[in-house]
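The residues making up each chain are set out below.
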Amino acid sequence: MNRRISQIFLMLAVVGVLIVFSPDAQAADMPGLIGGQFGSDDFTDLEHMADLDSLEYSWAQDDGFGTGWSALWEGSIVAAGSGEITFTAEADQSLEILISGKQVVSANQGSASGSVSMTKGKAYPIEVRYVKEGSGYDCSMKVQWSWSGQSAASIGGASLTHTAEQMQKWDEKAQTAEAENEEDDDDGDDDDEDDDGGPVVAFKYQPTGLQITIGGKPFASYFTGSKKIPRPYFAHVMTPSGVQVTRNHWPVEGKDSMDHDTFHPGIWLTFAGINGNDYWRLKRKTEHEMYIGKPVSGEGKGSFTVSNFYLDSKDSTGNRIAHEICKYTILVRENYYLLIYDSTISSDEHDLKFGDDQEYGLGIRVQTQIEEKYDGQILNAEGIKGAEKCYGKASNWADYSGVMDDTLIGMTIMPDPKNIRKSWYHTRNYGLIAANLFGSEKVAGLGRNDIKVKKGEKFHLGFGIAIYSGPKGSTIDRDAMYKDYLKVISE
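Residues numbered from 1 in each chain as written. Predicted model: local features only at pLDDT ≥ 70, side-chain atom pairs only at ≥ 80, totals over all residues. Heavy atoms only, no water.

Looking at the element boundaries, Asp484 is found in helix H4 (residues 478–490). Distance from Asp484 to Ala466, taken between C-alpha atoms, is 9.8 Å for residues 18 residues apart in sequence. When near neighbours in sequence (up to four residues on either side) are disregarded, Asp484 contacts Arg333, Tyr336 and Leu338. (Helix = DSSP H or I, 4+ residues; strand = E, 2+ residues; numbered from the N terminus. Contact = heavy atoms within 4.5 Å.)

If you want it as structure tokens, here you go:
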């Protein structure tokens, strides 16, 4: 908390001294949980590190958090008993507790309880999330545990710990957020141009994610996921001319093709199988954990970074299979926008295996009016045209375009050459292209060749999407857009 920031920095200094003078020693766990306090109620705008030494806590105006904020703490909880341990919570705001990645307690302005099997003396990963909304400053939470032969008792002291690595992680996040805030303060809202120039790419937080504008006009909505579509995606994507290029979200009966309304919301990156868990078909949840730092607005360029978990359940109660850090960058060009995905997926718990299926990779779903079956066109870098002929082919890029409102609009998918291998394209006449580097057998018609990622390794995936428009009958230089993308990612 604010009144403990000096203690946290002192602890960081001590940890640093221990590392310097005891290079072969393993740092002992430190008391309490460690995390961050955010200046909003949706885990965005990280303000500083925060510790939590007990699961009974209250906040007041003197803490300086304001009236709307959120906080996330992590570490380990050491079981004080064996068997079914019951956690009972009281909170006047929103409180969620996850143990070993599974939701045990979820209380919203009231009481709640949940149980989990534990063994005395064993440490289990714990995550505590708290959201403060509404007016007023005072708020509190109280969590106790009980088990057979033990009545409800407070949780704190030696039962809650965190590692030096966790503290270092949150310190780095806090420093990054502080640097970005200082950069934003320096930029201000004036008309000074940066090196890129051009219209300002700006972001506004929404309950569902982010609203993104370019030059004050809508560009896209980023959704962190919902119960109906439990994975992140972009929708309502606009071209520079202001004509929407992605299918309406949601599709309009009598106007749009109604198929795959949840599978194909706009632009997305997902997988039909990570260790057997299907995220493309929405059988499992990709959980948005947080934004890492604030979105960075700028003239001609904007970006934001998210942290996601791939779970083995359709809700938040499951185990975390993989962790993803994904940075999205938006660049403004004269006749097109460049949306860049830079994703890193890993697991510190187990190996990962990506299977072989059509439904993998970076997907786009275009407006119904420019689907191939309504005179739209699919084209790849080799000049091959049509969904049937382009299906299963590897290429530097694949494009879907057509005319709408007397304007030529389209999107070009461009996989990063640094990906583990080239992408084959899943192309359909009903508005879909997916750049799929996993479907060796199901898409390319070759032998099965699953991609495997060892525990602790980082798996990189990168894609660019050029989103363009021009007068009807104009020529689009897709090779030039691809070269632009290559130059950007090489810098």
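Read on, since the account is not over.
As a volume, the largest pocket reaches approximately 1200 Å³. What lines the largest pocket is a set of 36 residues, among which Lys169, Phe309, Arg320, His323 and Asp348 lie closest to the centre. Residue assignment for the lining of the largest pocket shows that the elements contributing at least two residues are strand S5 (69–78), strand S6 (83–99), strand S8 (123–132), helix H2 (164–187), strand S19 (301–311), strand S20 (320–332) and strand S21 (336–346). Taken together, the residues of the lining of the largest pocket break down into 9 nonpolar, 15 polar and 12 charged. Along the wall of the second largest pocket there are 33 residues; nearest its centre are Phe43, Glu96, Arg129, Glu287 and His288. Ranked by residues supplied to the lining of the second largest pocket, first place goes to strand S17 (residues 286–291) with 5 residues. Considering only residue class, the lining of the second largest pocket consists of 8 nonpolar, 13 polar and 12 charged. (1 Å grid on protein atoms, 1.4 Å probe; cavity = no way out; pocket = protein on both sides within 12 Å on 5 of 7 lines; lining within 4 Å. Points joined across faces, edges and corners; volume = space filled by probe spheres on them. Nonpolar A, V, L, I, M, F, W, Y, C, P; charged D, E, K, R; others polar.)

Moving on, we get to the packing of aromatic side chains. Within this structure, the stated rule accounts for 31 aromatic pairs. Here Trp59 and Trp69 contribute two aromatic rings whose centre-to-centre distance is 5.4 Å and whose plane-to-plane angle is 65 degrees, an arrangement assigned as edge-to-face. Remark: Trp69 occurs in strand S5 and Trp59 occurs in strand S4 (residues 56–59); sequence separation between them is 10 residues. Neither Trp59 nor Trp69 differs from the other in exposure class; each is buried. Plain terms: the ring middles of Tyr279 and Tyr310 are 5.0 Å apart, the flat faces sit at 75 degrees to each other, and that makes the pair edge-to-face. One end of the pair, Tyr279, is in the loop between strand S16 (267–271) and S17; the other, Tyr310, is in strand S19, and 31 residues separate them in sequence. Taken together, the ring pairs connect Phe203, Tyr205, Tyr222, Phe234, Tyr291, Phe304, Tyr328 and Tyr341 into an aromatic cluster. Lying over the aromatic face of Trp170, Lys173 brings its terminal NZ or CZ to 4.4 Å of the ring centre. Sitting over the ring of Trp250, Lys228 keeps its end group 4.3 Å from the ring centre. (Phe/Tyr/Trp six-rings, centres within 6.5 Å; stacked < 30°, edge-to-face > 60°. Buried < 20%, exposed > 50% of the residue type's maximum accessible area, 1.4 Å probe, protein only. Lys NZ or Arg CZ within 6 Å of the ring centre and 35° of its normal.)

With that settled, the discussion passes to the pairing of S21. For S21, the tally of buried residues reaches 9 of 11 residues, placing the bulk of the element in the interior. When S20 meets S21, the two strands line up antiparallel, connected through 10 bridges. Counted as the bridge partner of Cys326 is Ser343 from S21. Between S20 and S21, which pair antiparallel and follow one another directly, the connecting turn spans 3 residues. (Pairing = 2+ DSSP bridges.)

On their own, these measurements won't tell you what the molecule is for.
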